[in-house]
Amino acid sequence: MDFSLDEEHKIYREQFRKIFEKEVLPYVDEAEEKGEFPVHLFKRFGELGLFGITYPQEYGGAGLDMLAFVIYAEELGRVNSGIAGPLIVQSSIGTEAILHLGTEEQKDRFLKPAMRGEKIFAFASTEPSAGSDLKNIRTIARKKGDKYVVNGIKTLITNGPVADVITLVAQTDFSKGYKGIGLFLVEKGTPGFKIGRVIKKLGNNPSPTAELIFEDCEIPVENRLGPEEGGFYSVMHLLNDGRIVVAARALGVAIAAYEAAYQYAQDRIAFGKKIYDFGEIRSKIVDMAVNIQAARMLIYRAAWKKDRGMDYAKAASMAKLFATEAVEKITRDAVQVFGGFGYSNEFDVERYFRDARLMTIIEGTSEIQRLIIGKRLVKHEFDLE
Ligand SMILES: Cc1cc2nc3c(=O)[nH]c(=O)nc-3n(C[C@H](O)[C@H](O)[C@H](O)COP(=O)(O)OP(=O)(O)OC[C@H]3O[C@@H](n4cnc5c(N)ncnc54)[C@H](O)[C@@H]3O)c2cc1C
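Residues numbered from 1 in each chain as written. Predicted model: local features only at pLDDT ≥ 70, side-chain atom pairs only at ≥ 80, totals over all residues.

Quick word on the nonpolar core
Turning to step 1, where the next piece is worked out: The biggest cluster of nonpolar side chains holds 115 residues, and the ones touching the most others in it are Val70, Ile244, Ala261 and Ile299.
Turning to step 2, where the next piece is worked out: In terms of residue count, the dominant contributor to this core is helix α8 (residues 231-267) (20 residues).
Turning to step 3, where the next piece is worked out: Sequence-distant contacts of Val70, defined by excluding residues within four places in its chain, comprise Ile244, Val245, Ala248, Ile299, Tyr300 and Ala303. (Core = buried A, V, L, I, M, F, W, Y, C linked by C-beta atoms within 7 Å. Buried ≥ 20, exposed ≤ 12 C-beta atoms within 10 Å, placed from the backbone. Helix = DSSP H or I, 4+ residues; strand = E, 2+ residues; numbered from the N terminus. Contact = placed C-beta atoms within 7 Å.)

The structure is reproduced here in structure tokens:
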């Protein structure tokens, strides 16, 4: 058993860190202040070959493994979570169904421009009345000749306000229940498709989030991804990957919070000594470091299982559950270490705290992760592999 990163992945980390600090960091303050995503980053990431980290190079991806993608998400989250989210969607859940289910023609039309950053993608599953409960979505795509007519509302969609293409999850036939769920690509400008209200949030402010409205929106049959049915299982598969990556992005936020808190504890003097020298403060810093390591191991383990073609669904849920809950505690403690200034917006820790709060909710809430893990445990899948 070897817990160290190999040379190749160490180099990826160094390179990602250097690139993100050069290309992303300068835009963070303005993006946070205005609550706007620096849209040029899509094009820039495309130019730098920073999309589709795990996708084959023939489609414009980087052809790396899941561990590399996890390191990428961690480093991007460390720089800014609200900017990381939309860029990660473009490399994962927004486009991944095209890679797995798309025809060569669909890959040419949609996946390659996505990898070049020329088209922005979103993934739309959540509805006002069904989020966790994917089986009960009400958006319908009814086949009519060589078209599908889509009706319904999606909400809380990352990249919704800026997306050129939506990977849409919709029912095709209510009588089939969840087995009738399919996946479709809807292009901006299609009559009957419009952006609804833009949703303001507690954190991750640069990440654009909106409601999407489909009213008799006709899309060609060629925009269906894979078979008409069976989309439910495809979404479940996409979410397994998504969970590992969200956990890694959250870990990046925790690392930023830890670094800030550690430094502040060294610099801040109270009662004539560094606050790091107070046991209460040092314990917080120690707990942060321990939880970061534990979260990282679960995340890397889930990626490792995927990279070896092993079943990684439970490992992904465990990593997501543990890491995102740990990150909430880490960022809360970081605010505490900063005292009153931690609550002011003069330091970044208050932002880490707000940004971290999202992570136990997206790509399956903590409650849903416990449900998934619990079901697997019933099947006697408690193992160390
Ligand atoms: C900033 C942001 C970005 C997002 N981006 C996207 C996106 O790009 N695309 C997309 O499709 N969605 C997106 N979402 C939606 C997100 O995936 C959902 O909010 C999430 O899946 C939870 O669904 P819900 O909000 O409908 O909550 P609900 O499903 O209504 O859950 C409410 C509460 O009940 C609990 N609960 C529900 N079912 C169970 C159960 N069976 N057992 C125990 N507890 C349960 C939940 O854990 C939660 O605590 C985003 C959300 C946010 C906040």
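A word on the site of the ligand
Turning to step 1, where the next piece is worked out: Around the ligand sit 21 residues, and of these Thr126, Gly131, Ser132, Thr365 and Glu367 come closest.
Turning to step 2, where the next piece is worked out: Listed by contribution, the elements that provide at least two residues to the shell around the ligand are β1 (121-124), β3 (147-158) and α13 (366-378).
Turning to step 3, where the next piece is worked out: Each residue belonging to the shell around the ligand can be placed in one class, and the counts come to 10 nonpolar, eight polar and three charged.
Turning to step 4, where the next piece is worked out: In this structure, the shell around the ligand is formed jointly by two domains, domain 2 (121-229) and domain 3 (232-378), each of which donates at least three residues. (Near = placed C-beta within 6 Å. Nonpolar A, V, L, I, M, F, W, Y, C, P; charged D, E, K, R; others polar. Domains from an automatic or database assignment.)

Considering helix α5 (residues 81-91)
Turning to step 1, where the next piece is worked out: Of all 11 residues that make up α5, 11 are buried, and the element is covered over most of its length.
Turning to step 2, where the next piece is worked out: Residues of α5 that are buried include every one of Ser81, Gly82, Ile83, Ala84, Gly85, Pro86, Leu87, Ile88, Val89, Gln90 and Ser91, and no others.

Describing helix α10 (residues 313-337)
Turning to step 1, where the next piece is worked out: Over its 25 residues, α10 extends 36 Å from the first C-alpha to the last, a length consistent with the 36 Å expected when each residue adds 1.5 Å.
Turning to step 2, where the next piece is worked out: For α10, a buried count of 19 out of 25 residues is recorded, marking the element as mostly surrounded by other parts of the structure. (Expected span 1.5 Å × (residues − 1).)

Remarks on the domain arrangement of the chain
Turning to step 1, where the next piece is worked out: Here the chain is partitioned into domain 1 (7-115), domain 2 (121-229) and domain 3 (232-378).
Turning to step 2, where the next piece is worked out: The C-alpha-based centres of domain 2 and domain 3 are spaced at 30 Å.
Turning to step 3, where the next piece is worked out: Tallying the contact residues gives 13 residues for domain 2 and 10 residues for domain 3.
Turning to step 4, where the next piece is worked out: Here the residues of the side of domain 2 that touches domain 3 sort into six nonpolar, five polar and two charged.

Some points on the packing of α8 against α10
Turning to step 1, where the next piece is worked out: Direction vectors running N to C along α8 and α10 enclose 25°, while the axes themselves pass 8 Å from each other. Taken as axis vectors, α8 and α10 run roughly parallel relative to one another. When the axes of α8 and α10 are compared, the crossing they make is left-handed. (Axes fitted to C-alpha atoms, helices over the stretch in contact; angles between N-to-C directions. Parallel < 35°, antiparallel > 145°, perpendicular 65-115°, else oblique. Left-handed = near helix turned anticlockwise from the far one by under 90°.)

A short note on unusual backbone geometry
For residues that are not glycine, phi is negative in most cases, and the peptide bond is trans in most cases.
Turning to step 1, where the next piece is worked out: If you check the backbone angles, Asn159 has positive phi at about 75° while not being a glycine.
Turning to step 2, where the next piece is worked out: The topology assignment puts Asn159 in the loop between β3 and β4 (165-171).
Turning to step 3, where the next piece is worked out: The class for Asn159 is buried, based on 26 C-beta atoms found within 10 Å.
Turning to step 4, where the next piece is worked out: One non-glycine residue, Glu363, lies in the positive phi region at around 55°.
Turning to step 5, where the next piece is worked out: Within the fold, Glu363 resides in the loop between α12 (349-356) and α13.

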